[in-house]
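Fold and geometry: a report
Here are the chains, one letter per residue:
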Amino acid sequence: MATQLNEKIAGMKGTIKGRVLTRDDPTYDEARQIWNAMIDRRPAVIVQPADGADVAPAIKFARDNLLEISVRGAGHNIAGNALCNDGLTIDFSNMKQVRVDAGNKRAYVDAGATLADLDAATQRHGLATPVGINSTTGIAGLTLGGGFGWLTRKHGMTIDNLVSAEVVTADGKKLRASEQDNAELFWALRGGGGNFGVVTQFEFALHPVGPEILAGLIVFPFAQAKQVLTRYRQLTSTSPEDLNVWVVLRQAPPLPFLPQNVHGKEVVVLPIFYAGKVADGQKLVEQIRAFGDPHGEHIGAQPYAEWQKAFDPLLTPGARNYWKSHNFTELSDDALNSIIEYAGKLPSPQCEIFIGHIAGAANRVSPNAMAYAHRDAKFVLNVHGRWESPAQDTSCIEWARAFFKASAPHASAGAYVNFMTAEEDDRVAAAYGSNYDRLVQLKKRYDPENIFHLNQNIRAIS
Ligand SMILES: Cc1cc2nc3c(=O)[nH]c(=O)nc-3n(C[C@H](O)[C@H](O)[C@H](O)COP(=O)(O)OP(=O)(O)OC[C@H]3O[C@@H](n4cnc5c(N)ncnc54)[C@H](O)[C@@H]3O)c2cc1C
């Protein structure tokens, strides 16, 4: 069987301009590494397209040979759906080009580009679009699930800035999806994940940003957590959309601006980003500093593209990860108490609870304007279980699950598909809320056989 398949794969190589890797290729093991080290999957074949034209023959080959298909952008998704076992992975690692049309404020982004690739290209023109906070994340997976980051309060989710996408559907057709072309498909792609086809290129609207912005961290003692979080809640209810303050509760990394005796102790970190004039932001930072008696801070004017990489050292690939997430429309006292309780019993030095503030432009879009439905979400909470050794799997996973359960009564309905683990199939319908039925109908139209099922799967069942 394996020999037969290998012969067929050898035949496929002639139809594909890019690379085709099998298990005996010296780069195969490197190609099947993804961000979450808990995932260890071995595709029968990895196709690395040279351009969009390589995608349809790869899909056809997989279908003709009854191989499962997975699609990899930059391999960050925690569930590990970028890879399959014994199937065909379409891996966009070699398609990272970003073209910027500065005059029309547009970026054309290949499916393998990372946030760093996009930010570097757009910032050469003083432009940007909202993406996430870790520069090695893939534009493809982030966009298809929704996408939020430091610019979301001001300019919306990543999908709110998507203008068009080039898509190859399950039957191998190449379609352009936009408000004008295949509008229903475009609706589904904006939040519907990888369910509807393989996107080869994204077109984004851009906004003037920086290049210099004000950003940094203020770190408070954990003993002041309730006071700091209560004042954070007050600030976020009125603060201008240029200001974006998130919360991270974790053990302090050995940051040079923190006293040594704080390293390894629980702390409350407020990462701050101000999108407007630096001097205006500085006045707001004064208020945040007064939330408590900070252990230290590192904050100042810096290039936007550098700030976008600021968290990369804490979010390197190769660790074991297990995440759970809730949306919140408000942070009640009970929610804060439960956050503080579980941040007080972190099971590893890398585990953390983070709260992203996304209130603003994203809330002004109608919940049925596109597949992503949670336009009431003002905060996204992520329980980020992260550790190094398999021996810690049970304690870290149990901690994340216990906190997820304890905080659930204070959260709003719904979930963010990009933070879901593989075991959360039961939350997919909730993640799409009132848009789910329309997505099921579109799945029937574009992928009736569920060829693209390695994702937060929308099933075409009647
Ligand atoms: C360290 C870290 C930080 C993060 N920070 C943020 C953040 O600030 N904001 C935020 O919104 N999210 C964030 N995320 C979540 C992130 O958006 C998701 O993990 C996303 O899926 C990553 O995209 P990727 O292309 O790297 O992932 P991959 O694992 O490569 O892809 C994820 C899935 O997307 C689909 N897919 C990928 N490429 C394509 C394609 N070309 N066509 C069709 N389907 C495709 C597939 O179903 C695939 O399984 C973060 C994740 C990590 C690990």
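In this report, we go over the structure that sits alongside the text. (Residues numbered from 1 in each chain as written. Predicted model: local features only at pLDDT ≥ 70, side-chain atom pairs only at ≥ 80, totals over all residues. Heavy atoms only, no water.)

Quick word on helix α3 (residues 55-64)
Spacing of three or four residues puts side chains on the same side of an α-helix, whose turn is 3.6 residues. Under the convention used in this document: Between buried and exposed lies partly exposed: a residue is buried under 20% and exposed over 50% of the maximum accessible area for its type, with that area taken using a 1.4 Å probe on protein chains only. A run of DSSP states H or I qualifies as a helix once it reaches four residues; a run of E qualifies as a strand once it reaches two. Both are numbered from the N-terminal end. Residue contacts follow a heavy-atom distance rule, with two residues in contact if any of their heavy atoms lie within 4.5 Å.
Those residues of α3 that sit buried are Val55, Ala56, Ala58, Ile59, Phe61 and Ala62. Contacts made by the buried residues of α3 are with α1 (2-13), β2 (45-48), β3 (69-72), β4 (88-91), β8 (162-168) and β10 (198-205). Once α3 ends, the next one or two residues include Leu66, with phi positive near 55°.

Comments concerning the pattern of salt bridges
Inclusion rule: Put simply, a salt bridge is a Lys or Arg side-chain nitrogen that is within 4 Å of an Asp or Glu carboxyl oxygen.
A full pass over the atoms with the stated rule returns 29 salt bridges. A salt bridge links Glu341 to Lys345, with the nearest nitrogen and oxygen atoms 3.1 Å apart. For Glu341, a relative accessible area of 44% puts it in the partly exposed group. Through salt bridges that share partners, Arg106, Arg176, Asp181 and Glu203 make up one connected network.

Let's talk about the side chain of Asn65
On the secondary structure map, Asn65 appears in the loop between α3 and β3. In this structure Asn65 touches Leu5 and Lys8, once residues within four positions along its chain are discounted.

Details of empty space enclosed by the protein
Our working rule: Using a grid of 1 Å spacing that covers the protein atoms alone, one calls a set of points a cavity when a 1.4 Å probe fits there but cannot get out, and a pocket when the set is open and has protein on both sides within 12 Å along at least five of seven lines; lining residues are those with an atom within 4 Å of a point. Grid points are joined across faces, edges and corners, and a volume is the space filled by probe spheres set on the points. Here the term charged refers only to Asp, Glu, Lys and Arg, the term nonpolar to Ala, Val, Leu, Ile, Met, Phe, Trp, Tyr, Cys and Pro, and the term polar to all other amino acids, Gly among them.
This model, assessed by the stated rule, comprises one cavity of 30 Å³ or more. The calculated volume of the largest cavity comes to roughly 40 Å³. Of the residues contributing to the lining of the largest cavity, the split by class is eight nonpolar, three polar and no charged.

Section: the sheet that holds strand β1 (residues 19-22)
To keep things clear, this is the line we draw: Strands were regarded as paired on the criterion that DSSP finds at least two bridges between them. Fitted lines through C-alpha atoms give the axes, limited to the stretch in contact for helices. The angle between two N-to-C directions lies from 0 to 180 degrees.
If you trace the four strands from one edge of the open sheet to the other, you get β1-β2-β4-β3, paired in mixed fashion. Of all strands in the sheet, those with a lone pairing partner are β1 and β3, marking the two edges. Here the average twist between neighbouring strands, direction ignored, is 20°. Of the strand pairs in this sheet, β3 and β4 are connected by four bridges, and their pairing is parallel. Its bridge partner lying in β4, Ser70 is registered against Thr89. Of the strands in this sheet, β1, β2 and β4 are in contact with α1, which crosses β1 at around 165°. Those strands touched by α3 are β2, β3 and β4, and its axis lies near 170° from that of β4.

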